[in-house]
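So the chains spell out like this:
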Amino acid sequence: MNLERFTLIVESYGADSHRWPVDERAEALEFSLTSPDALSLLDQAAALDHDLALFELPDSARSVRRVEMAIFSALKPGRLEQLLKWVLPDFDDLAHTLWRPTLVACLPLLLGVVIGLTLTNNTDELSLDEELGLLAFTDIVREEWNNE
Amino acid sequence: MEDERQIIERILAGSELAFRQIVDQHSQRIFNYVRRMTRNSAEAEDISQETFIRFWVSRDRFDPGRVKLTTWLHRIAHNLCVDYFRQRQLQERPAPVQPDRQDSPDTEYELSIRAGVVHKALMSLSERQRSAIVLCHYQNFSQHDAAHILDLSVDALESLLRRGRRKLKQKLAKELE
């Protein structure tokens, strides 16, 4: 350690030896005890360190809380995103997840079948009034035909 | 209690719960760094939030064997600060000075003239000099970690620190005369 290197260290890292490079710290400390120039350098650096210490941040607990809340809410996926994630197959595990998009693709078909069956049942089964109406109509037609 | 290495392993495996633990542990420190770099509490909140989101999204790129988590997070935050300053420069808008009055209306920070001068002097440094001083002096990083965050050699970091401190000394001497 020499004065030149000690000056560089103190001018760069300040007077607090805890901030000095670990591999040179012991030598620099020893040097500071033996050199009057080193002591003067340390005093000047300590004055700047003291001024720097004045720049303290105010309590920012609320800001930090807001940051955390924003991060955590960003992690939560929306319902649509969740649904898409469930539907889209995982290409790493295609065999086990391919049924999901297949099921979704089949849903309109199944719905169509259900609607179709419902409508067919409705047309096949006539209500009592409809059947009576039809019978009545048949009698009138037959009567008119006989009269002629 | 679970140590950080185990938490990181769980994060890398995709555990959101582990990520939340890391956010709890590091959010204050990251916010302080960004707050000292920008001058604006609202911007600092946005950048801090983005830092953690980016870490989570690209967690596969983090190698705990090569770099400490806090160093990695500060590096992301620093890069976001650089983007922020670049954007400001493109828009030719000076960053608004916004004291954190909503959090602490009567702090000494605001009342002390000397502290105000130091703040102003720090803000007058180049973004690289300021980040070097903030990392080494306020965030207490070793020169190796600070150099890693700034993507510099240790010699280059030392040079930045030296020039930054000299400029600060001159500014303070002039302002406090």
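Presented here is a report on the structure given in the accompanying data block.

Turning next to the overall build of chain B. Counting its secondary structure elements, chain B contains nine helices and zero strands. Ordered by position in the sequence, the α and β elements of chain B form the string α-α-α-α-α-α-α-α-α. A separation threshold of at least 6 residues defines the contact pool for chain B, and within that pool the share at least 24 residues apart is 65%.

What follows concerns the nonpolar core. Grouped together as the largest cluster of nonpolar side chains are 71 residues, with contacts concentrated most on F6 of chain A together with F19, F55 and L122 of chain B. Beyond its immediate chain neighbours, meaning those up to four positions away, F55 of chain B contacts I11, F19, F62, L69, W72, L73 and I76 of chain B.

In this section: a nonpolar patch on the surface. Residues and elements named next belong to chain A. Residues L80, L83, L84, W86, L88, W99, L103, V104, L107 and L110 make up a contiguous nonpolar surface patch of roughly 980 Å² in combined accessible area. Positionally, V104 belongs in helix α7 (residues 99–124). V104 sits in the partly exposed class, given a relative accessible area of 34%.

With that out of the way, let us pick up the interface of chain B and chain A. At the junction of the two partners, chain B supplies 46 residues and chain A supplies 36 residues. Our count for the chain B to chain A interface comes out at five salt bridges. A salt bridge links R114 of chain B to D51 of chain A; the shortest N-O distance between them is 3.0 Å. Counting across the chain B and chain A interface gives 18 residue pairs in polar contact (both at pLDDT 80 or more). Of all the secondary structure elements, the ones that give two or more residues to the side of chain B that touches chain A are α2 (16–37), α3 (41–57), α6 (113–123), α7 (127–138) and α9 (154–175) of chain B. When residues in the side of chain B that touches chain A are grouped by element, the largest group, eleven residues, is from α2 of chain B. Looking at side-chain class alone, the side of chain B that touches chain A contains 19 nonpolar, 13 polar and 14 charged residues.

With that out of the way, let us pick up helix α1 (residues 4–12) of chain B. Residue and element names in this part refer to chain B. Looking at α1, one finds that the buried residues are I7, I8 and I11. Angularly, the buried residues of α1 cover 100° about the axis, an arc narrow enough to put them on a single face. Taken from the residues just after α1, G14 is the one with a positive phi, measuring 100°.

All right, on to the pattern of salt bridges then. Overall, the coordinates contain 14 salt bridges over all chains when judged by the stated rule. The residue R54 of chain B makes a salt bridge to E50 of chain B at a minimum N-O spacing of 3.0 Å. Taken together, the positions of R54 of chain B and E50 of chain B, both in helix α3 and four residues apart, correspond to about one turn of that helix. On the basis of relative accessible area, R54 of chain B is assigned to the partly exposed category, the value being 38%. Its relative accessible area of 33% is what places E50 of chain B among the partly exposed residues. Of the charged contacts in the structure, one is a salt bridge between D83 of chain B and R86 of chain B, with a shortest N-O distance of 4.0 Å. A residue pair is termed a helical-turn pair when its members lie 3 or 4 positions apart in one helix, as D83 of chain B and R86 of chain B do in helix α4 (residues 69–90) at three residues. When its relative accessible area of 35% is taken as the criterion, D83 of chain B is described as partly exposed. Beyond isolated ion pairs, a larger network of salt bridges with shared partners links R5 and E24 of chain A together with E158 of chain B.

About the cut-offs
- The residue numbering used here restarts from 1 in each chain and proceeds along that chain's sequence as written.
- Each chain is given a letter, starting from A, and each ligand a number, starting from 1, according to the order in which they appear as written.
- Only residues with pLDDT of at least 70 are given local features in this predicted model, and only at 80 or more are side-chain atom pairs given and counted; all residues enter the totals for whole chains, interfaces and linings.
- Side-chain metrics rest on all non-hydrogen atoms present in the structure, leaving aside hydrogens and water.
- Secondary structure follows DSSP: runs of H or I at least 4 residues long count as helices, runs of E at least 2 residues long count as strands, and numbering of each begins at the N terminus.
- What makes two residues a contact is simply this: any of their non-hydrogen atoms within 4.5 Å.
- What makes a nonpolar core is a set of buried Ala, Val, Leu, Ile, Met, Phe, Trp, Tyr and Cys residues whose side-chain atoms join them at distances within 4.5 Å.
- Exposure is judged per residue with a 1.4 Å probe applied to protein chains only, and the accessible area is read against the type maximum: over 50% gives exposed, under 20% gives buried, and values in between give partly exposed.
- Two distance rules govern patches: like charges are joined within 9 Å, and nonpolar side chains (Val, Leu, Ile, Met, Phe, Trp, Tyr) within 5 Å, applied only to residues with over 30% relative accessible area and no salt bridge.
- Methods summary: accessible areas were calculated by the Shrake-Rupley approach with a probe of 1.4 Å, and residue burial reflects only the protein chains presented.
- A side-chain nitrogen of Lys or Arg and a carboxyl oxygen of Asp or Glu constitute a salt bridge if their distance falls within 4 Å.
- Two N or O atoms count as a polar contact when they lie within 3.5 Å, although within protein this holds only if one can serve as hydrogen donor and the other as acceptor, and sequence-adjacent residues are included solely when both atoms are side-chain atoms.
- Nonpolar residues are Ala, Val, Leu, Ile, Met, Phe, Trp, Tyr, Cys and Pro. Charged residues are Asp, Glu, Lys and Arg, and all others, Gly as well, are polar.
- Read the arc as the range of directions from the helix axis to the C-beta atoms.

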